[in-house]
Amino acid sequence: MTHTRLRGRAAEQAVLRRAGRGVVVVGGEPGIGRTALLRAEVAHASGDGYASYAAARPDDAIAPLATLAPALRPLMSADAFHSLADLQDKPLWLAERLASVLAAKAPALIAVDDVRWADPLSAFLLRTLPARLAGAPVRWLIGGSGPAVTPAGGGGATSASPGDGAVRRLDLGPLSPDTLIEIAADRLGHRPDAALRTRLAGLGGLPYLAVRVIGDDEAGLRTDVRRRLAGSSDRCRALVSAASVLLAGEQPTGLVAPLGAAIRLDDVALLLGEQPVDLIGPLGEAIALGLLADGDDGVSFRHEMLRRAVHDDLTPSARRTLRDSGLDLCGPELSTMDEELNRLLDAEAPRPDDAWAALTAMEQRVATLISNGHTNRSAATALHLSPSTVSTHLRAVFAKLGINSRVQLTRLAMRRQPT
């Protein structure tokens, strides 16, 4: 069964329909229901003139006009459409050609979703065509935002309103729990039971997650999350994967943070053999993708369902490697609090300098490399040892120094350095 009724967006639809011609950038966090809104508006406008929907994909950059082609193809004959290929290296002429075609088809509505993935030629056209058609009854709904596709003349408006073709913005907020229950009733054909209503209430108003919960579709969620990560950087994917393992509540006690807790970025950096500053950009990517959140307590997943989707999509070997590395990182507990290190230094246990002197020569070399940011594997390569041997030496170092994490080891090493 196809479900086309849009729930909980009557106010936003009214705003879009009052906007008239010009551009509305529709924003909001991933999973907020932007695609459903754009598709509903295209369906509504199709009776009044030309209306089309296109969505950019991470691999669109490999082909000029890949993003806009699905929206433009119905506008013209096959021969006319194929002739556009001759203008791909003449973007200004291409823009003029398409502007004349669109003006002849007006009134028109063109919705383009996920524009951050738009190929360069499509991005150029999305910046320039609205200005060339400012006097024509053509509406543009652009899903998402980014400097690569901000139309010429765009402003910083936070809501759409009637006007003369200016760029406006409409940011979507979460849906109410009652609206999610209505969506469930639409899809199930009956009111959801108490257990499902409770689950829906804990989704933060994200219809994207609600649809997966209603359909009990964990496989679909994993596929969706995989697609979100497809165009991200290697470091972003590594960060999200490591966090999914370190924050996995089902792992043995002592190896990971409690379920729902946050993890410090420097802990993940040590696990990945990276400098924390090098993960700031990847963290921003993961936040923009709607997967991670950042707060005073550290980094956490936007929702446990998303963490589980990432975790379960990893291969067993990847999970095992990250889990074992997490053991080396965390010891008995996952913590990088300065207060704990201060208590360690003030305790009656051997002072750091005395304890350091008790380390064997190889243990000192291992401790020095690890405190300088090496992983077990890279330290093993530098010392011509196996990773398991390095792990054994590292456990001995932790025991002799009375510590339980690489972060504490790094800070102890820093305190030993002359000032």
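Anything mentioned here points back to the structure above.
All residue numbers refer to position in the chain's written sequence, counted from 1. Only residues with pLDDT of 70 or above have their local features reported here, since the model is predicted, and side-chain atom pairs are shown and tallied only from 80 upward, although totals for entire chains, interfaces and linings are computed over all residues. The side-chain quantities take in all heavy atoms of the structure and omit both hydrogens and water.

Peer 1: What is the right way to read helix α2 (residues 34–45) from this model?
Peer 2: Three- or four-residue spacings in an α-helix give side chains the same orientation, since the helix completes a turn every 3.6 residues. Every helix listed is a DSSP run of H or I at least four residues long, and every strand listed is a run of E at least two residues long, numbered separately from the N terminus. Multiplying 1.5 Å by the residue count of a helix minus one yields the expected span of that helix. With twelve residues, α2 ought to run about 16 Å at 1.5 Å a step, and its terminal C-alpha atoms sit 17 Å apart, in line with that. The secondary structure elements touched by the buried residues of α2 are α1 (10–18), β1 (22–27), β2 (50–55), β3 (108–113) and β4 (138–143). Residue contacts follow a heavy-atom distance rule, with two residues in contact if any of their heavy atoms lie within 4.5 Å.

Peer 1: Is there a simple way to think about the packing of helix α18 (residues 361–371) against helix α19 (residues 376–383) in this case?
Peer 2: For any two helices packed against each other, the geometry comes down to the angle between their axes and how far apart the axes lie. A fitted line through C-alpha atoms serves as each axis, taken over the contacting stretch for helices, and the angle formed by two N-to-C directions is quoted from 0 to 180°. Between α18 and α19, the shortest axis-to-axis distance is 10 Å and the interhelical angle comes to 130°. When the axes of α18 and α19 are compared, the pair comes out oblique. Relative to α19, the crossing made by α18 is right-handed. Counted together, Met362, Arg365, Val366, Leu369 and Ile370 of α18 and Asn376, Ala379, Ala382 and Leu383 of α19 form the full contact between these two elements. Only Asp, Glu, Lys and Arg are considered charged in this grouping, and only Ala, Val, Leu, Ile, Met, Phe, Trp, Tyr, Cys and Pro are considered nonpolar; every other residue, Gly among them, is considered polar. In the contact of α18 with α19, the residues fall into seven nonpolar, one polar and one charged. Convention used here: angles under 35 degrees read as roughly parallel, angles over 145 as roughly antiparallel, angles from 65 to 115 as roughly perpendicular, and any remaining angle as oblique. Note on convention: the crossing is left-handed when the near helix lies turned anticlockwise from the far helix by less than a right angle, right-handed when the turn is clockwise.

Peer 1: Where do I start with the sheet that holds β2 in this structure?
Peer 2: As a general point, the strands of a sheet are linked pairwise by backbone hydrogen bonds and lie either parallel or antiparallel. Pairing is parallel in the open sheet, where five strands are placed in the order β2-β3-β4-β1-β5. Each edge of the open sheet carries a strand with a single partner, namely β2 and β5 (167–171). Ignoring strand direction, the axes of neighbouring strands in this sheet form an average angle of 15°. In short, DSSP must find at least two bridges between two strands for them to pair. The pairing of β1 with β4 spans five bridges and is classified as parallel. Residue pairing for β4: valine 23 is matched across the bridge by tryptophan 140.

Peer 1: Could you clarify how one ought to interpret the environment of glutamate 285 in this entry?
Peer 2: Structurally, glutamate 285 can be placed in helix α13 (residues 280–288). The partly exposed category is assigned to glutamate 285, whose relative accessible area is 27%. For the pair glutamate 285 and arginine 237, spaced 48 residues apart in sequence, the C-alpha to C-alpha distance is 9.4 Å. With residues near it in sequence (within four places) discarded, glutamate 285 still touches Ser232, Ser233 and Cys236. Type-normalised accessible area, obtained with a 1.4 Å probe on protein chains alone, sets the label of each residue: buried when under 20%, exposed when over 50%, and partly exposed for intermediate values.

Peer 1: Can you help me understand the environment of leucine 246 in this one?
Peer 2: Structurally, the position occupied by leucine 246 is in helix α11 (residues 234–246). In sequence terms leucine 246 and arginine 323 are 77 residues apart; their C-alpha atoms lie 7.2 Å from each other.

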